[in-house]
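The chain contents come next:
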Amino acid sequence: MKAFVIDRYGSSNVVRASEMPEPELRDDDVLVQIHAASVNPLDLKIRSGALKLVLPYRLPLILGNDLAGVVVRVGARVRSFKPGDEVYTRPGQDRIGAFAEYIAVREDTLALKPATLNMEDAASIPLVGLTGWQALIEKANLKKGQKVLIHAGSGGVGTFAIQLAKHLGAYIATTTSAANRDWVKRLGADVVIDYKHTDFEAVLHDYDVVLDTQGGATLMKSISVLKPGGKLISISGPPDPDFARASGAPWFVRVAMGMLSYRIRKLAKRHQVSYVFLFMSANGEQLQQIAELIDAGTIRAVVDKIFPFASTPEALDYVETGRAKGKVVIKVCA
Ligand SMILES: NC(=O)c1ccc[n+]([C@@H]2O[C@H](COP(=O)([O-])OP(=O)(O)OC[C@H]3O[C@@H](n4cnc5c(N)ncnc54)[C@H](OP(=O)(O)O)[C@@H]3O)[C@@H](O)[C@H]2O)c1
């Protein structure tokens, strides 16, 4: 089958088209013919080797963390899917490889795709949808009437998280640049802050939750937006000790990871708020619940650009600009 792989870590030039063997099917696996995949900044971090201590992949590696397609074959123990089903998934992090014609994924990471979405829109959802769900529902327990700040409301994660927070009944502030203001408001944001001209920490106060997608100075400044008891959930900041423990990384990496978040945890404690790092995980059941919200018209896909399969490296380059408005999709199957 055709696939886009890396043989070594690096930048844009290490991604190449290749003929790869079709994936083997284990008993609890489902073989999916991929119709569309989407690109995430995670693909760039994997490509560069930035995550190799926590995600030690064997090379050559097929890139790609998000897909929609049609079930071709199922393993002996699979009960919930059959050939012909239209599905979508963020495969387990040990089973990635969406920039390819076929993939074998564990049954428990798969869900029927939203019936109202085409393959390209469906492929845009899993990773950012699960991230939004796990941040706002699992970690933050966001409730009706609470105030949430979502950084980068125009990005892949932000566009989904705003819509989910709206559905949960929250009051939403978000940061993005001025050109995105109106359409991000239409997604459900109550307050839009142009991060290039306004300091969000000067105008937002007494928030219950911040979803940080930026790390660095944005993460540190987000503390002052929260009221006592508030929650700072970061998907881009330093890993916390709980994540380090659960990561399975070597002990010296776990210690180093814990130390990286020392400063933000200390600052959070001083302000009587909590700091949590989230690394999203694959979850077919949550994807099924997300599909229901989409089919009910509560959440829609926000796709910026669709690239043909042959232009997969260009799709990665586009995401690398950091300017995507929603998601970037690759149409694998014409
Ligand atoms: N830990 C996890 O499980 C997890 C899961 C998903 C994503 N992530 C990480 O979260 C980050 C965001 O992911 P994504 O998919 O949403 O990225 P993305 O789609 O590439 O984000 C692009 C958007 O970010 C906006 N942006 C850039 N700098 C900004 C700033 N300083 N303030 C506010 N908005 C800004 C841009 O708007 P403008 O063009 O207006 O600047 C653009 O619309 C990435 O670092 C990704 O790796 C982590």
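Computed from a prediction, not measured in an experiment: that's the story for all the values here.

## As for the overall build of the protein chain
Line of reasoning, step 1. Scanning the protein chain for helices and strands turns up 12 helices and 16 strands.
Line of reasoning, step 2. Relative to a compact globule of 334 residues, whose C-alpha radius of gyration would be 20 Å, the protein chain shows 19 Å and is just as compact.
Line of reasoning, step 3. For the protein chain, the spread of C-alpha atoms along the three principal axes comes to 55 × 45 × 40 Å.
Line of reasoning, step 4. Within the protein chain, buried positions represent 54% of all 334 residues.
Line of reasoning, step 5. With an accessible surface of roughly 14,700 Å², the protein chain has 52% of that area assigned to carbon and sulfur atoms.
Line of reasoning, step 6. Where the 41 positive side-chain charges of the protein chain centre and where its 35 negative ones centre are 6 Å apart.

## Description of the sheet that holds strand S11 (residues 191-194)
Line of reasoning, step 1. If you walk across this open sheet you meet the 6 strands as S11-S10-S9-S12-S13-S14, and the pairing is parallel. At either margin of the open sheet sits one strand with a lone partner, and together these are S11 and strand S14 (274-277). Across this sheet, the average inter-strand angle for adjacent strands is 15°, counted without regard to direction.
Line of reasoning, step 2. The strands that helix H3 (residues 126-139) touches are strand S9 (147-150), strand S12 (207-212), strand S13 (226-234) and S14; relative to S13, the one it contacts most, it runs at about 150°.

## Description of the sheet that holds strand S4 (residues 61-62)
Line of reasoning, step 1. Read across the sheet, 3 strands follow the order S2-S1-S4 without closing on themselves; strand pairing throughout is antiparallel. Edge strands, defined here as strands with exactly one partner in the open sheet, are strand S2 (15-19) and S4.
Line of reasoning, step 2. Alignment of strand S1 (residues 2-6) against S4, held across 2 bridges, turns out to be antiparallel. In the sheet register, Val5 faces S4, and the bridge partner there is Ile62.

## Points about the domain arrangement of the protein chain
Line of reasoning, step 1. By domain assignment, the protein chain separates into domain 1 (2-124 + 302-331) and domain 2 (128-277).
Line of reasoning, step 2. Relative placement of domain 1 and domain 2: their C-alpha centres are 26 Å apart.
Line of reasoning, step 3. Listed by partner, the interface residues are 11 residues for domain 1 and 16 residues for domain 2.
Line of reasoning, step 4. In this structure, the connection of domain 1 to domain 2 is made through 0 salt bridges.
Line of reasoning, step 5. Counting the contacts that link domain 1 with domain 2 gives 3 residue pairs in polar contact (both at pLDDT 80 or more).
Line of reasoning, step 6. Looking at side-chain class alone, the side of domain 1 that touches domain 2 contains 4 nonpolar, 3 polar and 4 charged residues.

## Some words on empty space enclosed by the protein
Line of reasoning, step 1. Using the criterion set out here, one finds 1 cavity of 30 Å³ or more in the structure.
Line of reasoning, step 2. Its volume calculated, the largest cavity comes out at about 50 Å³.
Line of reasoning, step 3. Lining the largest cavity, in full, are Ser124, Ile125, Val128, Gly156, Thr159, Phe160, Gln163, Arg300, Ala301, Val302 and Lys327.
Line of reasoning, step 4. Residue contributions to the lining of the largest cavity peak at 4 residues, all from helix H4 (residues 156-167).
Line of reasoning, step 5. Split by residue class, the lining of the largest cavity holds 5 nonpolar, 4 polar and 2 charged.
Line of reasoning, step 6. Two domains each donate at least three residues to the lining of the largest cavity, and these are domain 1 (2-124 + 302-331) and domain 2 (128-277).

## Topic: the layout of surface pockets
Line of reasoning, step 1. Reported here for the second largest pocket is a volume of approximately 690 Å³.
Line of reasoning, step 2. As for the second largest pocket, its lining consists of 20 residues, and the residues nearest its centre are Pro23, Arg26, Asp94, Arg95 and Ile96.
Line of reasoning, step 3. Only S4 and strand S7 (102-106) provide two or more residues apiece to the lining of the second largest pocket.
Line of reasoning, step 4. Among the elements that take part in the lining of the second largest pocket, S7 stands out by supplying 3 residues, more than any other.
Line of reasoning, step 5. Its residues assigned to classes, the lining of the second largest pocket shows 12 nonpolar, 1 polar and 7 charged.

Conventions adopted
- Residues numbered from 1 in each chain as written.
- Predicted model: local features only at pLDDT ≥ 70, side-chain atom pairs only at ≥ 80, totals over all residues.
- Heavy atoms only, no water.
- Helix = DSSP H or I, 4+ residues; strand = E, 2+ residues; numbered from the N terminus.
- Rg over C-alpha atoms; globule rule 2.2 N^0.38 Å.
- Buried < 20%, exposed > 50% of the residue type's maximum accessible area, 1.4 Å probe, protein only.
- Areas by Shrake-Rupley, 256 points an atom, 1.4 Å probe, with all protein chains shown as cover.
- Lys, Arg positive; Asp, Glu negative; His and termini not counted.
- Charge placed at Lys NZ, Arg CZ, Asp CG, Glu CD.
- Pairing = 2+ DSSP bridges.
- Axes fitted to C-alpha atoms, helices over the stretch in contact; angles between N-to-C directions.
- Contact = heavy atoms within 4.5 Å.
- Domains from an automatic or database assignment.
- Salt bridge = Lys/Arg side-chain N within 4 Å of Asp/Glu carboxyl O.
- Polar contact = N/O pair within 3.5 Å; in protein donor to acceptor, adjacent residues only side chain to side chain.
- Nonpolar A, V, L, I, M, F, W, Y, C, P; charged D, E, K, R; others polar.
- 1 Å grid on protein atoms, 1.4 Å probe; cavity = no way out; pocket = protein on both sides within 12 Å on 5 of 7 lines; lining within 4 Å.
- Points joined across faces, edges and corners; volume = space filled by probe spheres on them.

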